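Structure assessment
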Amino acid sequence: EKMQKGGSALELLSKVRDALNQRGATTIRGLGRVFRCIDSYDGNRKCDREEFISGIRDIGVPLTKAEAEVLMGYLDTDGDGHINFDEFLVGVRGKPNARRQAIVDKAFLKFDKDCNGYIDANDLRGTYNAKLHPKVQSGEMTEDQVFMQFLQNFNDKNNDGKVDKKEWNDYYAAVSSSIDNDDHFIQLMRTAWKLDQLNISLKLKIQKKKKK
């Protein structure tokens, strides 16, 4: 049943993408305008169920109320009953492409010292450079605020200070969705984690051997 719901949600998401493409809302700015239309009732950068159902119809996506609720459940990745702009972006734009994912993997491997699939969050402090983060560039947040938000996104459920690969990938899927240009995203990652200072080819080989 879960698979069927996921499958139908992906089909509904495809309808949304088609409608947005027809509106020319494929860039971040365009998607931002669409999200603001959906969130026009209170402007809190989050959509509750009623806002989402009404808004998705207002932008011309032909979904029934039941279909909109299924899609809402799929996009609400943190389960708080709302969809925020990052969730909307990741849902519409999808996961990072292969080129972007490769640089995300490289950054993770820089800190996954023994290639066991997680890193210590304390090791990240003092290394992370947020100058090129889109919210720092726009003046919306400071570098320190971006780093604190970065750590808070990992929801360390067992309080062991560890960040696993899935948490890392989910965070950077949201960041990737907010950047239109591949080269800009890759430069952000290189600057943020000082990747040019490290040759990780040996680590990649070690990880491949462990998988065998």
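The model shown is predicted, which means the values in this text are computed figures rather than measured ones.

Another aspect to go through is the confidence of the model for the protein. With 81% of its residues at a pLDDT of 70 or more, the protein has an overall mean of 79. Least confident of the elements in the protein is helix α11 (residues 201-211), whose mean pLDDT is 55; most confident is helix α6 (residues 98-111), at 92. Every residue in residues 1-7 is under pLDDT 50, and counting partners more than four places away or in other chains gives one contact.

Moving on: the packing of helix α9 (residues 165-177) against helix α10 (residues 182-193). One can describe the packing of α9 onto α10 by two numbers: an axis separation of 11 Å at closest approach and a directional angle of 130 degrees. In terms of orientation, α9 lies oblique with respect to α10. The hand of the α9/α10 crossing is right-handed. Contacts between α9 and α10 involve Trp168, Tyr172, Val175 and Ser176 from the first element and Phe185, Met189 and Trp193 from the second. Counted by class, the contact of α9 with α10 contains six nonpolar, one polar and no charged residues.

Where like charges cluster on the molecular surface, the positive patch consists of Arg23, Arg29, Arg33, Arg36 and Arg45. The element best represented in the positive patch is helix α2 (residues 28-38), accounting for three residues. Within the secondary structure, Arg36 is located in helix α2.

Let us look at empty space enclosed by the protein. Counted by the stated rule, this structure contains one cavity of 30 Å³ or more. Its volume calculated, the largest cavity comes out at about 30 Å³. For the largest cavity, the full set of lining residues is Tyr128, Asn129, Ala130, Lys131, Leu132, His133, Leu188, Thr191 and Ala192. Classifying every residue of the lining of the largest cavity by side-chain character gives five nonpolar, three polar and one charged.

In this section: the nonpolar core. Of all hydrophobic cores here, the largest spans 28 residues; its most connected members are Tyr128, Trp168, Tyr172, Met189 and Trp193. Elements supplying a minimum of two residues to this core: α6, α8 (143-152), α9 and α10. Tallying contributions element by element places α10 first for this core, with six residues. When residues no more than four places from it in sequence are discounted, the contact partners of Met189 are Ile103, Val104, Ala107, Tyr172, Lys194 and Leu195. Counting residues in each nonpolar core, the second largest holds 25 residues, with Leu20, Cys47, Phe88 and Leu89 among its members.

Below, the discussion takes up the packing of aromatic side chains. Applying the stated criterion to the full structure yields nine aromatic pairs. Residues Phe35 and Phe85 carry aromatic rings whose centres are separated by 5.3 Å and whose planes lie at 50 degrees to one another, so their mutual orientation is tilted. With a gap of 50 residues between them, Phe35 in helix α2 and Phe85 in helix α5 (residues 85-93) connect regions that are remote in the sequence. Residue classification places Phe35 among the buried residues on the basis of a relative accessible area of 4%.

Calculation notes
- Residues numbered from 1 in each chain as written.
- Predicted model: local features only at pLDDT ≥ 70, side-chain atom pairs only at ≥ 80, totals over all residues.
- Heavy atoms only, no water.
- pLDDT = per-residue confidence, 0-100.
- Helix = DSSP H or I, 4+ residues; strand = E, 2+ residues; numbered from the N terminus.
- Contact = heavy atoms within 4.5 Å.
- Axes fitted to C-alpha atoms, helices over the stretch in contact; angles between N-to-C directions.
- Parallel < 35°, antiparallel > 145°, perpendicular 65-115°, else oblique.
- Left-handed = near helix turned anticlockwise from the far one by under 90°.
- Nonpolar A, V, L, I, M, F, W, Y, C, P; charged D, E, K, R; others polar.
- Patch = residues over 30% accessible without salt bridge, like charges linked within 9 Å, V, L, I, M, F, W, Y side chains within 5 Å.
- Areas by Shrake-Rupley, 256 points an atom, 1.4 Å probe, with all protein chains shown as cover.
- Salt bridge = Lys/Arg side-chain N within 4 Å of Asp/Glu carboxyl O.
- Lys, Arg positive; Asp, Glu negative; His and termini not counted.
- Charge placed at Lys NZ, Arg CZ, Asp CG, Glu CD.
- 1 Å grid on protein atoms, 1.4 Å probe; cavity = no way out; pocket = protein on both sides within 12 Å on 5 of 7 lines; lining within 4 Å.
- Points joined across faces, edges and corners; volume = space filled by probe spheres on them.
- Core = buried A, V, L, I, M, F, W, Y, C linked by side-chain atoms within 4.5 Å.
- Buried < 20%, exposed > 50% of the residue type's maximum accessible area, 1.4 Å probe, protein only.
- Phe/Tyr/Trp six-rings, centres within 6.5 Å; stacked < 30°, edge-to-face > 60°.

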